[in-house]
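This is what each chain is made of:
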Amino acid sequence: MLSTYGQYYRSIGRLALPLFIGQLGNIAVAFADNIMVGQYSTEALASASFVNNFFNIAIFACVGFTYGLTPLIGAVFASGESDRIGRMVRVGLRVNTAFTVLLSLIMLAVYFNLDRMGQPGHLMPLIKPYYLIVLAGMLPVMLFNVLAQWSYAINNTGLPTWIVLGANVVNVAGNYMLIYGHFGAPELGLTGAGISTLTARLLCAAAMFAVFFGTRIGAPFRHGFRRGAAESGENMLIARTGFPVSMQMTFETASFSGSAIMAGWLGAIPLAAFQIVAVSGMLGFCLYYSIGAAMAIPLSHASGRGDAVAMRRIAYGGYHMILACMVVVCVVFLSFGHVIMSFFSSDVAVVAAAMAVIVPIVLYQLGDATQIAFANALRGTSHVLPMLYIAFVSYIVIGLPVTYALGFPAGLGLFGIVLSFSVCLMIAAVLYLIFFLRATRIIKK
């Protein structure tokens with residue numbers, strides 16, 4: 001196996017390492033955010049759980065739309081067409097801005113109907129201002145990610161990582177100041193956490209623009225960005241590639257966000273516990289994703305060359321690496337679950353509720369690891385349309401009804417809600433694998 005996959009382990013590992021460091025930074029900040037908010041009050045943690053999990057639908061839709069750029073730019077980068085890459089970045093910014101503005105207007109309309117979503121009424125004074133702050137962060141998230149995909153596609157995975165890590169430091173420091181009112185700042189609680197996160201997102205976007213327009217890294221691509229004539233259909237090509245990935249991430253996130261809403265129906269303590277579960281689950285997701293995203297880059301280059309054999313070996317090599325990470329994550333949860341959960345809240349009832357679902361958390365890791373591997377593999381081929389249908393069937397048609405059935409008619413409560421993740425994730429994983437094999441078979445012919 002090493003003789004066959006060794007070169008792919010090394011190439012994926014080199015690209016994944018900066019992403020891995022960045023994801024660890026994201027995990028640390030997510031943990032710090034929720035620990036600080038959870039230690040402030042159970043109500044603040046429950047409110048953050050609802051808003052973050054619900055808003056993730058829109059955030060991941062925006063981020064997913066930008067992901068369509070990676071295989072397109074990656075394929076062009078392999079042929080050395082710098083002007084065309086610059087032009088694709090410009091078109092990508094235009095198309096993604098229009099998409100994000102549309103989503104922002106939809107989320108603003110939802111804001112006026114938050115009272116109808118069945119959440120505990122006493123949380124609304126915390127939920128509403130935090131919701132608006134998160135809404136303001138959608139545009140900078142999109143702007144950063146468009147340029148991050150450009151950076152990834154030209155094999156510079158380190159640049160966005162270091163920018164995010166720097167912004168994470170600002171985020172944590174801002175949390176410390178604004179949640180608790182240190183260093184003369186006002187004590188704003190959950191609202192302070194939102195302001196700190198928004199500031200970090202603005203800094204990330206500003207830094208990526210500064211790199212692209214003001215440094216030698218972006219120099220080869222600026223001429224095409226400013227003066228390159230757009231080819232007929234280029235807007236549609238980027239939209240057609242980005243939209244299925246966006247919808248795939250939207251449906252997946254909607255399933256988990258729907259689960260958060262259902263957890264809120266059980267009360268403030270299960271909702272707070274669900275937030276701990278969601279953030280703890282990022283330990284696995286972020287590690288798997290760093291390898292999956294790195295794997296998609298050389299896979300897109302191989303796709304540009306029409307090399308189906310290399311595409312499959314890259315995908316399988318990446319999957320081996322993700323499975324190794326999965327084993328480590330499962331051991332960590334089983335060995336140190338109580339320690340991890342206790343970080344987030346001093347409320348014994350909340351910690352106990354989170355610990356009661358440690359087994360379902362471990363069970364869904366295999367499905368999560370596998371679907372991340374082959375969703376990214378399929379994305380690298382640019383044959384992304386099946387991702388939309390797979391995600392819709394797996395997460396919406398099957399996932400949400402199973403979540404409700406296990407949580408309420410079956411009487412399993414939060415345990416059933418988290419247990420349902422294994423079902424939808426594994427169905428998606430198998431379907432992504434099937435369509436990846438089909439896509440590479442088409443390329444091979």
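Computed from a predicted structure; not experimentally measured.

Conventions used here
- Residues numbered from 1 in each chain as written.
- Predicted model: local features only at pLDDT ≥ 70, side-chain atom pairs only at ≥ 80, totals over all residues.
- Heavy atoms only, no water.
- Helix = DSSP H or I, 4+ residues; strand = E, 2+ residues; numbered from the N terminus.
- Rg over C-alpha atoms; globule rule 2.2 N^0.38 Å.
- Buried < 20%, exposed > 50% of the residue type's maximum accessible area, 1.4 Å probe, protein only.
- Contact = heavy atoms within 4.5 Å.
- Areas by Shrake-Rupley, 256 points an atom, 1.4 Å probe, with all protein chains shown as cover.
- Axes fitted to C-alpha atoms, helices over the stretch in contact; angles between N-to-C directions.
- Parallel < 35°, antiparallel > 145°, perpendicular 65-115°, else oblique.
- Left-handed = near helix turned anticlockwise from the far one by under 90°.
- Nonpolar A, V, L, I, M, F, W, Y, C, P; charged D, E, K, R; others polar.
- Phe/Tyr/Trp six-rings, centres within 6.5 Å; stacked < 30°, edge-to-face > 60°.
- Lys NZ or Arg CZ within 6 Å of the ring centre and 35° of its normal.
- pLDDT = per-residue confidence, 0-100.
- Expected span 1.5 Å × (residues − 1).
- Patch = residues over 30% accessible without salt bridge, like charges linked within 9 Å, V, L, I, M, F, W, Y side chains within 5 Å.
- Salt bridge = Lys/Arg side-chain N within 4 Å of Asp/Glu carboxyl O.
- Core = buried A, V, L, I, M, F, W, Y, C linked by side-chain atoms within 4.5 Å.

1. Examining the overall build of the chain
Next up, step 1: Looking only at helices and strands, the chain features 17 helices and zero strands.
Next up, step 2: Relative to the globule expectation of 22 Å for 445 residues, the C-alpha radius of gyration of the chain, 21 Å, shows essentially globular dimensions.
Next up, step 3: On the principal axes, the C-alpha backbone points of the chain span a range of 55 × 45 × 35 Å.
Next up, step 4: Counting the 445 residues in the chain, one finds 60% classified as buried.
Next up, step 5: Residue pairs in contact within the chain that sit at least 24 positions apart in sequence constitute 82% of those at least 6 positions apart.
Next up, step 6: Surface exposure of the chain reaches about 16700 Å², of which carbon and sulfur atoms provide 69%.

2. Here we look at the packing of helix H12 (residues 308-344) against helix H13 (residues 348-355)
Next up, step 1: At a minimum axis separation of 9 Å, H12 and H13 run at an interaxial angle of 140°. Classified by the angle their axes make, H12 and H13 are oblique. With respect to the hand of their crossing, H12 and H13 are arranged in right-handed fashion. Taken together, the residues of H13 that come into contact with H12 (itself represented by Gly337, His338, Met341 and Ser342) are Val351, Ala354 and Met355.
Next up, step 2: The residue inventory of the contact of H12 with H13, partitioned by class, reads four nonpolar, three polar and no charged.

3. A few points about the environment of Leu271
Next up, step 1: With respect to the secondary-structure elements, Leu271 resides in helix H11 (residues 268-305).
Next up, step 2: It is 9.6 Å that separates the C-alpha atoms of Leu271 and Thr42, two residues lying 229 residues apart in sequence.
Next up, step 3: Not counting the four nearest positions on each side in its chain, Leu271 is found in contact with Ala46, Ser49, Phe50, Gln119, Leu123, Ala260, Ala263 and Gly264.

4. Thoughts on the packing of aromatic side chains
Next up, step 1: Taken as a whole and judged by the stated rule, the model has 19 aromatic pairs.
Next up, step 2: On the basis of an interplanar angle of 50° and a centroid distance of 5.7 Å, the ring pair of Trp265 and Phe408 is categorised as tilted. Highlighted residues: Trp265 in helix H10 (residues 234-265) and Phe408 in the loop between helix H16 (385-407) and helix H17 (413-444), separated in sequence by 143 residues.
Next up, step 3: Note on Trp265: relative accessible area 44%, which makes it partly exposed.
Next up, step 4: Among the aromatic residues, those joined into a ring-pair cluster are Trp150, Phe209, Phe212, Phe213, Phe221 and Phe225.
Next up, step 5: Of note, Arg438 hangs over the ring of Phe435, and the distance from its end group to the ring centre comes to 4.8 Å.

5. A few points about the confidence of the model for the chain
Next up, step 1: Averaged over every residue, the pLDDT of the chain is 84; residues scoring 70 or more account for 94%.
Next up, step 2: Least confident of the elements in the chain is helix H1 (residues 2-40), whose mean pLDDT is 72; most confident is H16, at 92.

6. With respect to the side chain of Ser255
Next up, step 1: Residue placement: Ser255 occurs in helix H10.
Next up, step 2: In contact with Ser255, other than residues within four places in its own chain, are Tyr395, Gly399, Leu400 and Cys424.

7. Focus: the packing of helix H2 (residues 42-67) against H10
Next up, step 1: Contact geometry for H2 and H10: axes closest at 6 Å, N-to-C directions at 170°. The orientation of H2 relative to H10 falls into the category roughly antiparallel. The way H2 lies across H10 gives a crossing that is right-handed. Listed contacts from H10 to Phe50, Asn53, Phe54, Asn56, Ile57, Phe60, Ala61, Gly64, Phe65 and Tyr67 of H2 are Ala239, Gly242, Phe243, Val245, Ser246, Met249, Thr250, Thr253, Ala254, Ser257, Ala260 and Ile261.
Next up, step 2: A breakdown of the residues in the contact of H2 with H10 according to their chemical character gives 14 nonpolar, eight polar and no charged.

8. Looking at helix H5 (residues 124-136)
Next up, step 1: If you check H5, its first and last C-alpha atoms are 19 Å apart, about what 13 residues at 1.5 Å a residue would give, namely 18 Å.
Next up, step 2: Looking at H5, one finds that the buried residues are Met124, Ile127, Tyr130, Tyr131, Ile133, Val134 and Leu135.
Next up, step 3: Considering only its buried residues, H5 is in contact with H2, helix H4 (82-111), helix H6 (138-153) and helix H8 (190-214).

9. Quick notes on a nonpolar patch on the surface
Next up, step 1: A cluster of nonpolar side chains, namely Val101, Leu105, Leu108, Phe112, Leu132 and Leu139, defines an oily patch on the protein surface of about 540 Å² accessible area.
Next up, step 2: Among the elements that line the nonpolar patch, the one with the most residues is H4, at three residues.
Next up, step 3: Within the element layout of this structure, Leu108 appears in helix H4.
Next up, step 4: Look at Leu108 and you get partly exposed, because its relative accessible area is 33%.

10. Here we look at the environment of Asn175
Next up, step 1: Within the secondary structure, Asn175 is located in helix H7 (residues 158-180).
Next up, step 2: For Asn175, a relative accessible area of 0% translates into the label buried.
Next up, step 3: On a C-alpha basis, the gap between Asn175 and Ala193 in space is 5.1 Å, while along the polypeptide they are 18 residues apart.

11. Some points on the nonpolar core
Next up, step 1: Counting residues in hydrophobic clusters, the biggest one holds 150 residues, and the most contacted among them are Phe55, Trp150 and Tyr432.
Next up, step 2: Ranked by the residues each element gives to this core, the list is headed by H11, at 18 residues.
Next up, step 3: Contacts of Phe55, omitting those with residues within four sequence positions, involve Met107, Tyr131, Val134, Leu135 and Met138.

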